[in-house]
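Residues per chain, in single letters:
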Amino acid sequence: NNIPLAYPMTGTIDLASGSTTVNGNGTKFLSELSVGDMIYSKGDTEEYHTIMSIDQDDVLTVDSQFSGSSRTIDLWVAHDKPSMRNTGGLIFWRL
């Protein structure tokens, strides 16, 4: 059996260029994510960010600013590093 690398989570997120704040739409950050999880975002740039705080179910902060264009993407979680099989969106993983 193949175990999927990434799992879809609840909602979508807004990534604003130059911001460290991630805003969720229908997300459950408090119950689905943890401080220290890594965010992988692939859009016009490929970026990795560490979650520094989770303020609400729909607001969290990462360690560095997002670059590239602002965008809304699906939320994904994984417990492994991302692979080339996931061609877009967001991946979280625990170290």
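Residues numbered from 1 in each chain as written. Predicted model: local features only at pLDDT ≥ 70, side-chain atom pairs only at ≥ 80, totals over all residues. Heavy atoms only, no water.

J.: Could you give an account of the side chain of Ser 19, with specific residues and numbers?
T.: Among the secondary structure elements, Ser 19 is positioned in the loop between strand S1 (6–15) and strand S2 (21–25). By relative accessible area, which is 18% here, Ser 19 ends up buried. Sequence-distant contacts of Ser 19, that is, excluding residues within four places in its chain, are made with Ser 64, Gln 65 and Phe 66. (Helix = DSSP H or I, 4+ residues; strand = E, 2+ residues; numbered from the N terminus. Buried < 20%, exposed > 50% of the residue type's maximum accessible area, 1.4 Å probe, protein only. Contact = heavy atoms within 4.5 Å.)

J.: Can you tell me about the nonpolar core, naming the residues and giving the values?
T.: Among soluble globular proteins, nonpolar side chains are generally buried collectively. Judged by nonpolar contacts, the single largest core of 13 residues is most densely connected at Ile 13, Val 22, Phe 29 and Leu 60. Elements with a minimum of two residues in this core: S1, strand S4 (46–56), strand S5 (59–62) and strand S6 (71–78). Contacts of Val 22, omitting those with residues within four sequence positions, involve Ile 13, Asp 14, Leu 15, Phe 29, Ile 39, Asp 58, Val 59, Leu 60, Val 62 and Phe 66. (Core = buried A, V, L, I, M, F, W, Y, C linked by side-chain atoms within 4.5 Å.)

J.: Please give an account of the pairing of S2 that cites residues and values.
T.: Side-chain direction in a regular strand flips from residue to residue, so the side chains alternate between the two faces of the sheet. Across the two faces of S2 the burial differs, with Val 22 and Gly 24 buried and Thr 21, Asn 23 and Asn 25 not buried at all. For S2 and S5, the ladder comprises three bridges, and the chain directions are antiparallel. Residue pairing for S5: Thr 21 is matched across the bridge by Thr 61. (Pairing = 2+ DSSP bridges.)

J.: Help me get a handle on the environment of Leu 15, residues and values and all.
T.: Within the secondary structure, Leu 15 sits in strand S1. We classify Leu 15 as buried; its relative accessible area is 2%. The sequence separation of Leu 15 and Ser 41 amounts to 26 residues, and the corresponding C-alpha distance is 9.1 Å. Not counting the four nearest positions on each side in its chain, Leu 15 is found in contact with Val 22, Ser 41, Phe 66, Ser 69, Ser 70, Arg 71 and Ile 73.

J.: Explain the environment of Leu 33 to me, and be specific about the residues and the numbers.
T.: As for its position among the elements, Leu 33 is in the loop between helix H1 (29–32) and strand S3 (38–42). On the basis of relative accessibility, which here comes to 6%, the residue Leu 33 falls in the buried class. In this structure, the C-alpha to C-alpha distance between Leu 33 and Leu 60, residues 27 residues apart in sequence, is 9.8 Å.

Taken by themselves, the reported measurements are silent on function.
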